[in-house]
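# Commentary on secondary and tertiary structure
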Amino acid sequence: MCTFVLIVQLGLDEKQFWLELCDWVEKPEESWHKEANQVNTLDEMLTPEEWCRKLSKLGASVSPRALRSKAREHGQFYSLGRAMLLSAGHVETIMKLDAAGTQQTRQRG
């Protein structure tokens with residue numbers, strides 16, 4: 001139960017979670033340094049609404065609701081309570097996964 005809650009809150013799939021945990025156990029000093037670097041990127045996290053405004057300026061029109069849905073679908077987000085935050089890495093991964101899914105659909109159709 002605790003593992004599941006942690007995975008969901010971190011937006012990780014189970015495999016990613018266990019790989020991160022094993023890495024942390026094997027090399028705790030490097031993992032702590034990695035965590036310290038991740039804390040520095042907290043200032044770079046944005047809400048889906050903020051990302052949509054930013055993407056709109058680049059010519060990519062997407063709604064906050066659609067972005068939230070894709071983030072949940074692909075497990076690419078951080079959350080605290082009901083708040084959702086996305087990093088640039090999350091948004092990039094969502095776009096790559098969504099593009100890959102679109103290509104597969106085209107190939108089948």
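Here's a quick rundown of the structure. In this text the structure is predicted, and so the values were computed from the model without any measurement. (Residues numbered from 1 in each chain as written. Predicted model: local features only at pLDDT ≥ 70, side-chain atom pairs only at ≥ 80, totals over all residues. Heavy atoms only, no water.)

### Concerning the side chain of Ser87
With respect to the element layout, Ser87 can be found in the loop between strand S2 (83-85) and helix H6 (88-108). Take Ser87: its relative accessible area is 17%, and that puts it in the buried class. (Helix = DSSP H or I, 4+ residues; strand = E, 2+ residues; numbered from the N terminus. Buried < 20%, exposed > 50% of the residue type's maximum accessible area, 1.4 Å probe, protein only.)

### Here's the deal with a nonpolar patch on the surface
On the surface, Leu42, Tyr78 and Leu85 cluster together into a nonpolar patch covering about 250 Å² of accessible area. Owing to a relative accessible area of 30%, Leu85 belongs among the partly exposed residues under this scheme. (Patch = residues over 30% accessible without salt bridge, like charges linked within 9 Å, V, L, I, M, F, W, Y side chains within 5 Å. Areas by Shrake-Rupley, 256 points an atom, 1.4 Å probe, with all protein chains shown as cover. Salt bridge = Lys/Arg side-chain N within 4 Å of Asp/Glu carboxyl O.)

### Some remarks on the pattern of salt bridges
Under the criterion given, the structure shown has 4 salt bridges. Across the pair Asp98 and Lys70 runs a salt bridge, and its minimum N-O distance is 2.8 Å. Taken together, the residues Asp98 in helix H6 and Lys70 in helix H5 (residues 64-74) connect sequence positions 28 residues apart. Using a relative accessible area of 27% as the deciding quantity, one classes Lys70 as partly exposed. Measuring nitrogen to oxygen at the nearest pair gives 3.2 Å for the salt bridge that ties Glu92 to Lys96. Placement of the pair is Glu92 and Lys96 together in helix H6, with a separation of 4 residues, close to one helical turn. Overall, the relative accessible area of 44% leaves Glu92 in the partly exposed class. Owing to a relative accessible area of 55%, Lys96 belongs among the exposed residues under this scheme. Each of Lys70, Glu73 and Asp98 takes part in one network of salt bridges that share partners.

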